[in-house]
Amino acid sequence: MFKVLLYYKYIELADPKKFRDEQYNLCARLGLKGRILIGDEGLNGTVGGSEESINEYMEATQKYPEFSDIEWKISYTEEDPFPKLRVVVRDEIVSLRTKVSVKNKAPYIEPKDLKKELEEKGDEIILIDARNNYESKIGKFKNAIAPDIDNFREWSEFVDSIEDLKDKTIVTYCTGGIRCEKASAYLVEKGFKNVRQLHGGIVRYGEETGGKDFEGTCYVFDSRIHVPVNSVNPEVISECEHCKKKIARYINCCNAKCNKQFICCEECEAKFEGGCSEDCQAKSRYKKVEAEHQA
Ligand SMILES: [Zn+2]
Ligand SMILES: [Zn+2]
């Protein structure tokens, strides 16, 4: 069994490079794998390992005064969640192309309060998904606006397209909350008057409320690909890209040059030999034949 952590904190770090080395050494010593981004603006990580190693990592990281109150999101998985360890220094721990000050972030709404507000005055609240299109495709809040963006750097263009919602009651959400700190700040800076952000994201909403009215599953950036959220009124919203059957199943295209992650049922995976299109199917077969000839 592997324990998986998801965590972030925006805080000014005096020496990101030094902290990077300390985090790397700590993770390497404990045998943890995953991805940690460190910048002047803080820390953003997801790592996995044994229960004891993860506990030791949490304890060691919390010894830094800056991170004594960091919020951990914890889950478990049978499969090794990450192939390797990457600890890197970046300008931004979440990149939004446009400069935004997280000091302008919108106030939080707690999961249980969001659930209550959705029950009481659901149609007055506009939920906006701050994640990418491939994430919201497999799961999102019922009736939420999910921007068709491939990358968070396109957020500002998306916001330009929703100018007419400036006076509406808006709640933004993302996986664990980190993107909403900037996404909501950007909305506030652009003159949106009534914005809040879901504290702890979809992950905490699922844990604390049972995930009511979150349709589908939550995309995650590890080998699990997506995890369940809603145990109250679950639904499947994603469709097999070949036969359009409702299914929550992502695979990677068998054509190494394409490698697109796409939603595909088991029958169509067999029928198209793992290809996302007939073209990719053909390329996959060709490669196999070629490999046999070379052997
Ligand atoms: Zn299918
Ligand atoms: Zn393909």
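Everything quoted here is computed from the prediction, not taken from an experiment.

This brings us to the overall build of the protein. Across its full length, the protein holds nine helices and 15 strands. Expected size for 295 residues packed as a compact globule is a radius of gyration near 19 Å; at 21 Å, the protein falls within 12% of this value. Principal axes of the C-alpha set define a box for the protein whose edges measure 60 × 50 × 35 Å. Residues classed as buried in the protein amount to 50% of the 295 residues present. Of the contacts formed within the protein by residues at least 6 apart in sequence, a portion of 66% connects residues at least 24 apart. Carbon and sulfur atoms make up 48% of the accessible area of the protein, which amounts to about 14700 Å² in all. Looking at the protein, you have 47 positive and 53 negative side-chain charges, and the mean spots of the two groups are 2 Å apart.

Right, let's get into a positive patch on the surface. Together, K84, R86, R90 and R153 line one region of the surface with positive charge. Structurally, the position occupied by R90 is in the loop between strand 5 (85–89) and strand 6 (108–109). Judged by its relative accessible area of 38%, R90 falls in the partly exposed class.

Next up on the list: the packing of helix 1 (residues 16–30) against helix 2 (residues 51–62). Packing of helix 1 against helix 2 brings their axes to within 10 Å, and their N-to-C directions diverge by 160°. Comparing the axis directions of helix 1 and helix 2 gives the class roughly antiparallel. As helix 1 packs across helix 2, the resulting crossing turns out to be right-handed. Listed contacts from helix 2 to Q23, L26, C27, R29 and L30 of helix 1 are S53, E56, Y57, A60 and T61.

Here the focus is the coordination of the zinc ion (ligand 1). Ligation of the zinc ion (ligand 1) by protein atoms is provided by C240 (SG), C243 (SG), C265 (SG) and C268 (SG), these donors lying 2.3 to 2.4 Å from the ion. Viewed at the metal, the four donor atoms of the zinc ion (ligand 1) are separated by angles of 98 to 116°, and the geometry they form is tetrahedral. The class for C268 is buried, based on a relative accessible area of 6%.

Taken together, the protein ligands of the zinc ion (ligand 2) are C253 (SG), C258 (SG), C276 (SG) and C280 (SG), with distances of 2.3 to 2.4 Å. For the zinc ion (ligand 2), the four donor atoms in the first shell make angles of 102 to 114° at the metal, so the coordination geometry reads as tetrahedral. Every donor residue of the zinc ion (ligand 2) comes from the same chain, spaced as C-x4-C-x17-C-x3-C. Of this pair, C253 sits in the loop between strand 14 (250–252) and strand 15 (261–263) while C276 sits in the loop between helix 8 (266–271) and helix 9 (278–294), placing them 23 residues apart in sequence. Per residue, the accessibility class of C253 equals that of C276, and both read buried.

Right, let's talk about the environment of N230 for a bit. Topologically, N230 is positioned in the loop between strand 13 (226–227) and strand 14. Using a relative accessible area of 9% as the deciding quantity, one classes N230 as buried. As for N230 and C218, which are separated by 12 residues in sequence, their C-alpha atoms are 9.4 Å apart. Not counting residues up to four positions away in its chain, the partners in contact with N230 are G210, G211, K212, D213 and F214. Polar side-chain contacts of N230 include one of 3.0 Å to the backbone oxygen of G211. Of the polar contacts made by the side chain of N230, one reaches the backbone nitrogen of V232; its length is 2.7 Å.

Rules used in this analysis
Residues numbered from 1 in each chain as written. Chains lettered and ligands numbered in written order. Predicted model: local features only at pLDDT ≥ 70, side-chain atom pairs only at ≥ 80, totals over all residues. Heavy atoms only, no water. Helix = DSSP H or I, 4+ residues; strand = E, 2+ residues; numbered from the N terminus. Rg over C-alpha atoms; globule rule 2.2 N^0.38 Å. Buried < 20%, exposed > 50% of the residue type's maximum accessible area, 1.4 Å probe, protein only. Contact = heavy atoms within 4.5 Å. Areas by Shrake-Rupley, 256 points an atom, 1.4 Å probe, with all protein chains shown as cover. Lys, Arg positive; Asp, Glu negative; His and termini not counted. Charge placed at Lys NZ, Arg CZ, Asp CG, Glu CD. Patch = residues over 30% accessible without salt bridge, like charges linked within 9 Å, V, L, I, M, F, W, Y side chains within 5 Å. Salt bridge = Lys/Arg side-chain N within 4 Å of Asp/Glu carboxyl O. Axes fitted to C-alpha atoms, helices over the stretch in contact; angles between N-to-C directions. Parallel < 35°, antiparallel > 145°, perpendicular 65-115°, else oblique. Left-handed = near helix turned anticlockwise from the far one by under 90°. Donors = N, O, S within 2.8 Å, 3.2 Å for Na, K, Ca; no water. Tetrahedral: all angles 85-135°; square planar, octahedral: opposite > 155°, others 65-115°. Polar contact = N/O pair within 3.5 Å; in protein donor to acceptor, adjacent residues only side chain to side chain.

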